[in-house]
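For reference, the chains in residue letters:
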Amino acid sequence: MDTQTEHPLAIAEAWAEAGRQVAIATVIETWGSAPRPVGSHLVIDDQGDFAGSVSGGCVEGAVISEAAEVIATGTPRMLEFGVADAVAWQVGLSCGGRIRVFLERLG
Amino acid sequence: MDRATLSALNAARRARMAAVLVSDLDSGAARVVTEDAVADDPLAEALRAAFASGKAGVVATAGQRVFLNPHLPPARLVIIGAVHISQALAPMARQAGLDVTIIDPRTAFATPARFGAERLIADWPEDALQDAPLDRWTALAALTHDPKIDDAPLVAALRAGCFYVGALGSRKTHAARLDRLHAAGLTGAETGRICAPIGLDIGAASPAEIAVATLAQLIAHLRRRAP
């Protein structure tokens, strides 16, 4: 089934099999109007390719740039984005929601 | 998460097996729990809730923050009978997010002209279901009224534990159906799971209204796990 092969976690596995380094971002908690539910995934490889989403476009750029460091160090990170946060405003999560994203390297 | 854990999770997803990914948010360590392994797990209670609701969330346990992410198979609907009600039910169910298949061996009924882009199999249900067996995450609606076509998939749906089993037909038709199914060896507890006459009692009259009543009943079973 197409939706199966297109699931971000299936893509992450295929990337890893192809020898690419992969980071997995997961929405852990949301407050207010968050566009993607808890449990949603964005997967990023060491070239900056990505699939899936954690916010429907608002904060993907920031997560992708953090992913390079997580891939390099192997240390997972908890990222938080919300309107109270100046960085979040910069990356455009102006829809009034707040999300916490767990970012880890696929080991 | 390591690659072996990711592979195990993806394998469960491909096999339409429910699984929960349990991640330690401090270390990043992760493991996959399938439903048969819940009872022996230290997080059994939280895992049961995750399997039941399908909702992901953080659980605090013994000073650890653990994230439970359930992966439940996407719900499917198998419609037996390429009839008028099916022409309304299939697109409605698809809009509600179900993966829909229509099966009818009568080639005069099962035509793309009547069903457009819907997935349609012009074959006997026994044969058609061999490629995509029924399971707990599948609903079955038997809509032909014809025992030769409806009975076998109804038995298969009850045996597979389909989350919803509905059958079209009046009370009299259903009583005759129950007699046949009991003669075939099904118990009253098993056949008691059949919703018949099909659909919520909203006075539905037209095929589209019966489709609405059926879809609403199906969704109640999906979301509430009604018996």
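Chemist: How would you summarise the interface of chain B and chain A if you had to cite specific residues and measurements?
Modeler: On the chain A side, the residues contacting the 22 residues of chain B number 24 residues. A combined buried area of about 1,800 Å² lies between chain B and chain A, and 59% of that area is made up of carbon and sulfur atoms. Sorting the residues of chain B by area buried against chain A places Met1, Arg3 and Arg13 of chain B first, and these three jointly supply 30% of that buried surface. Counting the contacts that link chain B with chain A gives zero salt bridges. At the surface where chain B touches chain A, the tally comes to nine residue pairs in polar contact (both at pLDDT 80 or more). Those elements that provide at least two residues to the side of chain B that touches chain A are helix 1 (3-14), strand 3 (57-61) and strand 4 (64-71) of chain B. Counting residues per element, the side of chain B that touches chain A draws most heavily on helix 1 of chain B, which supplies seven residues. A per-class count over the side of chain B that touches chain A returns seven nonpolar, seven polar and eight charged.

Chemist: Please provide a residue-by-residue account of the sheet that holds strand 4 (residues 77-82) of chain A, values included.
Modeler: All names here are of chain A. Taken in spatial order, the five strands line up as 3-2-1-5-4 in an open sheet, and their pairing is antiparallel. Of all the strands in the sheet, the pair left with one neighbour each is strand 3 (50-52) and strand 4. Averaged over all adjacent pairs, the angle separating strand axes in this sheet is 20°, with direction ignored. Strand direction decides the pairing type here: strand 2 (residues 41-45) and strand 3, joined by three bridges, are antiparallel. Looking across to strand 3, one finds that leucine 42 is bridged to glycine 52.

About the thresholds
Residues numbered from 1 in each chain as written. Chains lettered and ligands numbered in written order. Predicted model: local features only at pLDDT ≥ 70, side-chain atom pairs only at ≥ 80, totals over all residues. Heavy atoms only, no water. Contact = heavy atoms within 4.5 Å. Buried area = accessible area lost by both parts, 1.4 Å probe. Salt bridge = Lys/Arg side-chain N within 4 Å of Asp/Glu carboxyl O. Polar contact = N/O pair within 3.5 Å; in protein donor to acceptor, adjacent residues only side chain to side chain. Helix = DSSP H or I, 4+ residues; strand = E, 2+ residues; numbered from the N terminus. Nonpolar A, V, L, I, M, F, W, Y, C, P; charged D, E, K, R; others polar. Pairing = 2+ DSSP bridges. Axes fitted to C-alpha atoms, helices over the stretch in contact; angles between N-to-C directions.

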